[in-house]
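Structural overview for review
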Amino acid sequence: MHRSGFITFFVIVSCITLLFDWYVFSGLRTLSMGWSQRARVIMLYGYLLISVGVTVVFLIGIGSLTTAKGMTPFHEWMLSLFLTFFVTKLVFIIVLSLGDLGRFVTGIATNVTKPTSQQTHPYFPGRRKFISELAILLAAFPFTGFLYGMFKGKYAYKLHHKTIYFEDLPEAFDGFTITQLSDIHSGSFDNAHAVQRGVDLAKAQKSDLFVFTGDLVNNAAWEIEPYFHIFNQLKAPFGQFSILGNHDYGDYIHWDSEAEKAQNLETLKQHHKTLGYRLLLDEHVMLEKDGQKLALIGVQNWGKGFIQIGDLDKAMEGLDKDAFKILLSHDPTHWEEKVRYNPTKIHLTLAGHTHGAQFGVEVAGIRWSPVQYRYVDWAGLAQNDGRYLYVNRGFGFLAFSGRVGIWPEVTTITLKKKVA
């Protein structure tokens, strides 16, 4: 980060958080009324020490983002702790401010209809302790939720299984299974044993085909190297195939030269080979079973608002128009913009990219995430006129070192022939 930009950022963040801390401190003073002097001092000044300390360490961490490594797990942890405290304080402040507004309105209503000589109540009555208690109770929900997401949620792998029926699926592939991982973001990992649990879940599916749909790293090829021995365990009878995602091109950090950046991409491509994955770069392969075939197509990244170099037409060159086709494409906007209305029917597209924002709700039929305001298809299965898209919620995490409500995903898909 440039020095002038960091100073501006430091001043803005410092002012906002200090204002938040001042207001929260006032609420905690009300909350601690009736406590012993010792307990009040420990609680009030302990809060200030921790809250201000988290902000200072966060700002120091942001100021150290000057190398080509980008965000390390340390930076992600500092960002995550800062966000945890920021959101918690924001909820506390909203509740407290509503209570303060209410007592101000009450004060006006009590006095405005009386002559000045008869106004015995203040326009701003004292804050009720109940409001501070309610504020801290409600603020505890995001606080504990974020902490769970950081310590447990980001490795709480969930299996999602979908069975999809197709009228024109070759009979030999009826019951064919695919395991999909996406968005590994290996540069963010901080617990190799937990990562192994996720890979073990994928291995346990014993699928016919394994596919990986992009973002192996955050920025640099070396990030995956400590995890070669884990991700090369993924094997399938019909092979392991992969594509590139927007982060794999190294576009989000500074390189000393274009040649260095290009070499990083070439190294990453070799790493796919080391893992045992065949990297599809705007090309297709034919999978054969009992004399029948289906086409597996893989394109480079094409995303609305992101790098757009994937060439679907090139990937399908020489392919029979009537072949059953499965496409690996990292960004779901590619399906929305280029695939679902393509003259050539692509039966199933497997994507990732969105992470489900790593935050949201998927309970009892309720599905919400802030990412839905950016992406129409952000997780799970979508279809248009017999053309299906599945968006994986991601195996890893990025920036926020956690997941809340949108858990890391291992996907299995079963292809079935629809019986007339």
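As a reminder, the structure under discussion sits directly above these lines.
Now for a quick tour of the structure. Position labels on residues start from 1 in each chain and follow its written sequence. Selection of residues for local features in this predicted model requires a pLDDT of at least 70, selection of side-chain atom pairs for listing and counting requires 80 or more, and totals for whole chains, interfaces and linings are taken over all residues. Side-chain measures here rest on the full set of heavy atoms in the structure, leaving out hydrogens and waters.

1. Considering the overall build of the protein chain
Worth spelling out the cut-off: By definition, any uninterrupted DSSP run of H or I lasting at least four residues is a helix, any uninterrupted run of E lasting at least two residues is a strand, and each is numbered from the N terminus. When accessible area is computed with a 1.4 Å probe and restricted to protein chains, residues below 20% of their type maximum are described as buried, those above 50% as exposed, and intermediate ones as partly exposed. The contact rule is simple, with two residues in contact once any of their heavy atoms fall within 4.5 Å. Working definition of accessibility: Shrake-Rupley area with a 1.4 Å probe, residue cover restricted to the visible protein chains. Positive residues here are Lys and Arg, negative ones are Asp and Glu, while His and the chain termini are left out of the count. Lysine's charge is taken at NZ, arginine's at CZ, aspartate's at CG and glutamate's at CD.
Scanning the protein chain for helices and strands turns up nine helices and 14 strands. Per-residue burial over the protein chain gives 51% buried out of 420 residues. Within the protein chain, contacts between residues separated by at least 24 positions form 76% of all contacts whose residues are at least 6 apart in sequence. When the accessible surface of the protein chain is summed, it comes to about 19,800 Å², and 61% of that surface belongs to carbon and sulfur atoms. One finds the centroid of the 40 positive side-chain charges in the protein chain at a distance of 11 Å from the centroid of its 37 negative side-chain charges.

2. Quick notes on a nonpolar patch on the surface
Note the threshold: Patches draw on residues past 30% relative accessible area with no salt bridge. Two like charges within 9 Å are joined, as are two nonpolar side chains (Val, Leu, Ile, Met, Phe, Trp, Tyr) within 5 Å. Should a side-chain nitrogen of Lys or Arg be within 4 Å of a carboxyl oxygen of Asp or Glu, the pair is scored as a salt bridge.
Together, Leu90, Ile94, Leu98, Leu101, Phe104 and Val105 make up a nonpolar patch on the protein surface, roughly 530 Å² of accessible area in all. By secondary structure assignment, the location of Leu101 is in helix H3 (residues 73-111).

3. Describing the sheet that holds strand E5 (residues 278-279)
Sheets are built from strands paired through backbone hydrogen bonds, the pairs being either parallel or antiparallel. Quick reminder of the rule: In this scheme, strands are said to pair when DSSP sees at least two bridges between them. Working convention: axes come from line fits to C-alpha atoms, limited for helices to the stretch in contact. Angles between N-to-C directions cover 0 to 180 degrees.
Across the sheet, six strands lie side by side as E1-E14-E2-E3-E4-E5; this open sheet has mixed pairing. Every interior strand has two partners, whereas the edge strands, strand E1 (158-166) and E5, have only one. With five bridges joining them, strand E2 (residues 176-181) and strand E14 (residues 409-417) adopt antiparallel strand pairing. Residue pairing across strands places Thr177 opposite Thr414, the latter belonging to E14. Sheet contacts for helix H5 (residues 192-203): E1, E2 and E14; angle to E14, the most-contacted strand, approximately 10°.

4. Concerning the nonpolar core
For the record, the criterion: As used in this record, nonpolar core signifies buried Ala, Val, Leu, Ile, Met, Phe, Trp, Tyr and Cys residues forming a set joined through side-chain atoms within 4.5 Å.
If you look at the biggest cluster of nonpolar residues, it comprises 31 residues, and the most contacted ones within it are Leu181, Phe189, Phe231 and Phe395. Breaking this core down by element, the ones donating at least two residues are H5, strand E3 (209-213), helix H6 (228-231) and helix H7 (258-275). Per element, the largest residue contribution to this core is four residues, and it comes from H5. Within the second largest apolar cluster, 25 residues are counted, among which are Leu280, Leu296, Leu350 and Ile413.

5. Some words on unusual backbone geometry
The backbone of Lys206 sits at a positive phi, close to 50°, despite the residue not being glycine. By the secondary structure assignment, Lys206 is in the loop between H5 and E3. When its relative accessible area of 72% is taken as the criterion, Lys206 is described as exposed.

6. Looking at the pattern of salt bridges
According to the stated counting rule, one finds 11 salt bridges in the structure shown. One salt bridge in this structure joins Lys154 and Asp190, with 3.0 Å as the shortest N-O distance. Of this pair, Lys154 sits in the loop between helix H4 (129-151) and E1 while Asp190 sits in the loop between E2 and H5; the two residues are 36 residues apart in sequence, bridging distant segments of the chain. Classification of Lys154 as buried rests on a relative accessible area of 2%. Taking the shortest distance from any N to any O, the salt bridge between Glu409 and Arg393 comes out at 2.9 Å. Placement of Glu409 in strand E14 and of Arg393 in the loop between strand E13 (387-391) and E14 is noted, with a sequence separation of 16 residues between them. What makes Glu409 buried here is its relative accessible area of 0%. A single salt-bridge network, built from bridges that share partners, covers Glu362, Arg367, Arg393 and Glu409.

7. Quick look at H4
Put simply, the test is: Expected span of a helix, by definition, is 1.5 Å for each gap between consecutive residues, and there is one gap fewer than residues. Two axes are fitted around each residue, one to the seven residues ending there and one to the seven starting there, and the angle between them is reported as the bend at that residue.
Taking 1.5 Å as the rise per residue, H4 with 23 residues should run 33 Å; its terminal C-alpha atoms sit 33 Å apart, in good agreement. If you look at H4, its biggest bend is around 25°, right at Ala140, and the proline Pro142 turns up within four residues after that. For H4, the full list of buried residues reads Ile131, Ser132, Ala135, Ala139, Pro142, Gly145, Phe146, Gly149 and Met150.

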